Amino acid sequence: MHLTRLLRTQQPSLTHLIDHYAKFPPTGLTMKRIVEFAREGDAKQSYLFLRNELPVRLASMMKEMGHLPPRLLDTPSVKTVNGWYGTSLHELDSFKQLAANLETVKKFTEVLQNIRKRHSTVIETLAQGYMEFSDVGPVKEYEESQIQYFLNRFYLSRISIRLLIYQHTMCFGEEVPVHPTHLGFVDPNCFVEDIIKDAFENAQFLCEGYYSAAPALEIRRINAIDPEEPIAIPYVPSHLYHIMFELFKNSMRATIEYLESKKSNSSLPSIVVDVVKAKEDLTIRISDRGGGIPRSKADKIFRYMYSTAPRPVSLTDTQHSGPTPLAGFGYGLPISRLYARYFNGDLEIHSVDGHGTDAYVYLQAVEDQASEWLPICNRAAYEYYASRKYQSDWTKKK
């Protein structure tokens, strides 16, 4: 396998680290294991695991990044992200021979906090890199496919890295969990309806500020296990909040703009949410009457940088005063689906053009079945990047 110019220009030690750690598959964890370790584990055990596991996840994505189109790798923003990952990999590797004593663990925890801060704008910076890439010249079909494939894997890996870092710094460092009952970044008893209501209220606040109106919320709950009990599962509250907030923003915007397009004086139809917990799955269905999505656009909604809103300005534009409240880079749905898939769930969108859209969020209700879904840097991945398929083997859809 070749290394790109981007990696060859960096110091040999970094290339060696990438090749070394990328040979190992990531060690996926279950939600049950994460919760148990937060209760029973200690800082030294966490240190010994993370000093090996985090470099594997970082190096795997750096290795895959090296197979992206050279013109994309040459953009300033992608070089910046690659530099952040390289610096973090070096810092983590410096602990590989250090004993697990209190002083080392404390320093390691500080390094993890710095890594998290360093990587805080990775999504926006890579989005900027994609814009720089597309501005230079047309994007070939196979290049687009490779980039979408990579971004799904890269961002899912990033979600996992952030969770591992937060679990360590909150459970064994000085950072305090958001709520006293949380075990680090995880809530062992996450009340789903509370997260849904919180996400809806915040999306509603933005919607009313931008459109001077917002749909109401109707929640219907079915607990097939125990009808009298509220619905709760071990989960990461911030992940569920992100998913619901993005879906509510989309539904609100669609509902208001569709009613305006019909020049109707009717009241805004409510957004209906069904929350159903069964033996294996927890399903959330968000139903709106925002006019739906035509099939010609349905295949594009999970593409990065696809949005029906105006394209955002450059991150380097000093005149930019902030994002449009209900729009962005077009990353909302793709990233939300990754959050859902991370612990063996999913996000699906089903629409009726001219009527409305149903979004289905599937989560694992059984904690030992909620396992991390992680990319593996192997031959199959390299073969995908090596593909140069210029022509489709199907007639084009109109």
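These figures come from a predicted structure and were not determined experimentally.

Parameters and conventions
- Residues numbered from 1 in each chain as written.
- Predicted model: local features only at pLDDT ≥ 70, side-chain atom pairs only at ≥ 80, totals over all residues.
- Heavy atoms only, no water.
- Helix = DSSP H or I, 4+ residues; strand = E, 2+ residues; numbered from the N terminus.
- Buried < 20%, exposed > 50% of the residue type's maximum accessible area, 1.4 Å probe, protein only.
- Contact = heavy atoms within 4.5 Å.
- Areas by Shrake-Rupley, 256 points an atom, 1.4 Å probe, with all protein chains shown as cover.
- Phe/Tyr/Trp six-rings, centres within 6.5 Å; stacked < 30°, edge-to-face > 60°.
- Lys NZ or Arg CZ within 6 Å of the ring centre and 35° of its normal.
- Salt bridge = Lys/Arg side-chain N within 4 Å of Asp/Glu carboxyl O.
- Pairing = 2+ DSSP bridges.
- Expected span 1.5 Å × (residues − 1).
- Axes fitted to C-alpha atoms, helices over the stretch in contact; angles between N-to-C directions.
- Parallel < 35°, antiparallel > 145°, perpendicular 65-115°, else oblique.
- Left-handed = near helix turned anticlockwise from the far one by under 90°.
- Nonpolar A, V, L, I, M, F, W, Y, C, P; charged D, E, K, R; others polar.
- Core = buried A, V, L, I, M, F, W, Y, C linked by side-chain atoms within 4.5 Å.

A. Representation of the overall build of the protein chain in the model. Looking only at helices and strands, one finds 14 helices and seven strands in the protein chain. The buried share of the protein chain, reckoned over its 398 residues, is 49%. Of all intrachain contacts in the protein chain linking residues separated by at least 6 positions in sequence, the fraction that spans at least 24 positions is 80%. Surface summary for the protein chain: the accessible area is close to 20000 Å², and the carbon and sulfur share equals 51%.

B. Expanded view of the packing of aromatic side chains. Tallied over the full model, the rule gives 19 aromatic pairs. Consider the rings of Tyr 241 and Phe 245, whose centres lie 5.6 Å apart with planes at 10°: the pair is stacked. Of this pair, Tyr 241 and Phe 245 both sit in helix α11 (residues 237-261), separated by four residues, roughly a single helical turn. Taken together, the ring pairs in this structure connect Tyr 85, Phe 150, Phe 154, Tyr 155, Tyr 304 and Tyr 331 into an aromatic cluster. Over the ring of Phe 302 we find Arg 337, and its NZ or CZ is 4.0 Å from the ring centre.

C. Region of interest: the pattern of salt bridges. Tallied over the full model, the rule gives 14 salt bridges. In this structure, Glu 193 and Arg 221 form a salt bridge, with 2.7 Å as the shortest nitrogen-oxygen distance. With Glu 193 in helix α10 (residues 192-211) and Arg 221 in strand β2 (residues 217-223), the pair connects residues that are 28 residues apart, well separated along the chain. Since its relative accessible area comes to 16%, Glu 193 is described here as buried.

D. Quick peek at the pairing of strand β4 (residues 271-277). The buried fraction of β4 is high, at six of seven residues. As defined by bridge partners, β4 adjoins strand β5 (residues 281-288) across six bridges and the pair is classed as antiparallel. Pairing of Lys 277 across the sheet is with Leu 282, part of β5. Hairpin connection between β4 and β5: a loop of three residues separates the two successive antiparallel strands.

E. How the structure looks around α11. Between the first and last C-alpha of α11 there are 36 Å, a value that for 25 residues agrees with the 36 Å anticipated at 1.5 Å per step. Where α11 terminates, the next one or two residues include Lys 263, which has phi positive at roughly 50°.

F. View of the packing of helix α4 (residues 43-65) against helix α6 (residues 76-93). One can describe the packing of α4 onto α6 by two numbers: an axis separation of 10 Å at closest approach and a directional angle of 150°. Overall, the two elements α4 and α6 adopt an arrangement that is roughly antiparallel. As for the relative orientation of α4 and α6, their crossing is left-handed in sense. Seen from α4, the contacting residues are Arg 51, Leu 54, Pro 55, Leu 58, Ala 59, Met 61, Met 62 and Met 65; seen from α6, they are Val 78, Val 81, Asn 82, Tyr 85, Gly 86, Ser 88, Leu 89 and Leu 92. Considering only residue class, the contact of α4 with α6 consists of twelve nonpolar, three polar and one charged.

G. Highlighting the environment of Leu 98. Along the polypeptide, Leu 98 turns up in the loop between α6 and α7 (102-118). Judged by relative accessible area, Leu 98 falls into the partly exposed class, the value being 38%.

H. The arrangement of the pairing of strand β3 (residues 232-235) in detail. Neither face of β3 is exposed, since Ala 232 and Pro 234 on one face and Ile 233 and Tyr 235 on the opposite face are all buried. Bridge count for strand β1 (residues 187-191) against β3 is three bridges, and the pairing is antiparallel. When the sheet's bridge partners are listed, Phe 191 is paired in β3 with Ala 232.

I. Main features of the nonpolar core. Residues Phe 154, Tyr 155, Leu 247, Phe 248, Ile 284, Ile 286 and Phe 343 are the most contacted members of the largest nonpolar core, which totals 105 residues. Counting residues per element, this core draws most heavily on helix α9 (residues 141-172), which supplies 13 residues. Excluding its chain neighbours within four sequence positions, the residues that come into contact with Leu 247 are Ile 286, Leu 333, Leu 347, Ile 349, Ala 359 and Val 361.

J. Up close: the sheet that holds strand β6 (residues 346-352). What the five strands build is an open sheet, ordered β2-β4-β5-β7-β6; its pairing is mixed. Of all strands in the sheet, those bounded by a partner on one side alone are β2 and β6. Geometrically, the sheet is characterised by an average inter-axis angle of 15° between neighbouring strands, direction not taken into account. Lying over the sheet, α10 contacts β2, β4 and β5, oriented at roughly 170° with respect to β2.

K. Layout of the side chain of Thr 109. By the secondary structure assignment, Thr 109 is in helix α7. The residues contacting Thr 109, other than those within four sequence positions of it, are His 168, Thr 169 and Gly 173.

L. Inspection of the packing of α11 against helix α13 (residues 332-342) at higher detail. Contact geometry of α11 with α13 gives a least axis separation of 9 Å together with a crossing angle of 145°. Between α11 and α13 lies a crossing of left-handed hand. Facing His 239, His 242, Ile 243, Glu 246, Leu 247 and Asn 250 of α11, the residues of α13 in contact are Gly 332, Leu 333, Ile 335, Ser 336, Tyr 339, Ala 340 and Tyr 342. Residue composition of the contact of α11 with α13, grouped by class: seven nonpolar, five polar and one charged.

M. Examining unusual backbone geometry more closely. Phi at Ser 212 is positive, roughly 65°, even though this residue is not glycine. Residue position: Ser 212 is located in the loop between α10 and β2. Relative accessible area serves as the criterion here: at 66%, Ser 212 is assigned to the exposed category.

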